[in-house]
Every structure is written in C-alpha cells, then in structure tokens.
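Examination of the molecular architecture
Spelled out from the first residue to the last, the chains are:
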Amino acid sequence: NSMAVVREFLAAASKRNLQVKDYGASTVTEIEASLRALAVNKPSGLFIPTDNLIHASLDRVLASAKEANVPVFDCTKSSVEKGAIFSVGTDYDRIGALSARVAARVVFDGEPPEQIDVVDVAEGYIYVKESLVLSEKLHPPSNYEVIRVP
C-alpha cells in the first residue's frame, strides 16, 4: 500500500513542480535516522503514507516533526487526531462495515464469494485539524468530504 501511495504522491508533486526528499524507512533505526535528518533539513512539510512501520512509530514521528516545526499530513484520520494537520484518505470504519456485510452474506446466507460484486470504497475524505482555518480558496474534489477533527 505505502509504495503505491508514494508513487501517486510523487507523480502529483512532479506535476506541481514540488521538490520531494524521500526520508523512507524500512526499520525503526531508519525511522530515527530520518527524524534526525528532518530536524536538520526542516522541509516545508512531511507526508506519511499508509505504512504499518511508520504508523507504529506515529507518536514519535509527530513529536519530532512538531519539535522541528514541520507540518505533517497523512492518509489516516487517526493521524490528524494525534497531531497531523490534515489527511486525505478513506473512512476505515466504513470499509469495515462494508466488509462485514459482505462476510455476512457469505457466512450466514451461503452466497458464493465469486458471485458478490466488488464494493467500491474509493470515496475519499479530507480530515482537517479543527484548529486550522480553511481558506476560501480550498476546493476539494467533489468526491471528497471535508471532515473537521478536534
């Protein structure tokens, strides 16, 4: 998942002539090294893809970014609840509910899985830290709903 998100992010950044520095990490040790580089280089922002390793260290990453005065954006609502300024992602509670309905059709109704249509969960949400003031110039795509997070 994280590699696909990073590829899309890099493509979008390139179209907008944004410079991107990859602070990728595949171990906890590499996360610490990336956080030290973050403190020294102080980029304009830090994007965190949906990645289990990074999210396991999310509190540490957010604390380091805050200390370096680097705003963080992410792909999960929980990251905004913990300190990221905004997130663009899906509603994992909704995905869980949809998955449970499909599982119930298989388990309780005996419906063969191959006869169940794929459920599109691509509907996105923009989660924004409540304390931020949204500019009137912000116009999210029509398929996104802006949700303020305290």
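The structure reproduced in this document is the subject of the present report. The structure displayed is predicted, hence computed values, not measured ones. (Residues numbered from 1 in each chain as written. Predicted model: local features only at pLDDT ≥ 70, side-chain atom pairs only at ≥ 80, totals over all residues. Heavy atoms only, no water.)

Details of a nonpolar patch on the surface
The grouping of Leu10, Leu18 and Val20 at the surface amounts to a nonpolar patch, some 260 Å² of accessible area in total. Its place among the elements puts valine 20 in the loop between helix H1 (2-15) and helix H2 (28-41). (Patch = residues over 30% accessible without salt bridge, like charges linked within 9 Å, V, L, I, M, F, W, Y side chains within 5 Å. Areas by Shrake-Rupley, 256 points an atom, 1.4 Å probe, with all protein chains shown as cover. Salt bridge = Lys/Arg side-chain N within 4 Å of Asp/Glu carboxyl O. Helix = DSSP H or I, 4+ residues; strand = E, 2+ residues; numbered from the N terminus.)

Quick word on the pattern of salt bridges
One pass over the structure, following the stated rule, counts three salt bridges. For arginine 60, the salt bridge is made with glutamate 32, and the minimal N-O distance between the two is 3.0 Å. Within this pair, whereas arginine 60 is found in helix H4 (residues 58-67), its partner glutamate 32 is found in helix H2, the two being separated by 28 residues in sequence. The class for arginine 60 is partly exposed, based on a relative accessible area of 42%. Take glutamate 32: its relative accessible area is 25%, and that puts it in the partly exposed class. Arginine 105 serves as the salt-bridge partner of glutamate 111, at 2.8 Å between the closest nitrogen and oxygen. Judged by relative accessible area, glutamate 111 falls into the partly exposed class, the value being 23%. (Buried < 20%, exposed > 50% of the residue type's maximum accessible area, 1.4 Å probe, protein only.)

With respect to unusual backbone geometry
Even without being a glycine, asparagine 17 presents a positive backbone phi close to 55°. Residue lysine 42 is not a glycine yet carries a positive backbone phi of 45°. Positionally, lysine 42 belongs in the loop between H2 and strand S1 (46-47).

Focus on the environment of valine 6
Note on placement: valine 6 falls in helix H1. Judged by relative accessible area, valine 6 falls into the partly exposed class, the value being 24%. The spatial distance from the C-alpha of valine 6 to the C-alpha of threonine 50 is 9.1 Å, given a sequence separation of 44 residues.

Here's the deal with the side chain of serine 87
Relative to the helices and strands, serine 87 resides in strand S3 (residues 86-89). Since its relative accessible area comes to 0%, serine 87 is described here as buried. A polar atom in the side chain of serine 87 sits 2.8 Å from the backbone nitrogen of threonine 76. In this view, serine 87 contacts Asp74, Cys75, Thr76, Lys77, Ser79, Val80, Tyr125, Ile126 and Tyr127; residues no more than four positions away in its chain are not counted. (Polar contact = N/O pair within 3.5 Å; in protein donor to acceptor, adjacent residues only side chain to side chain. Contact = heavy atoms within 4.5 Å.)

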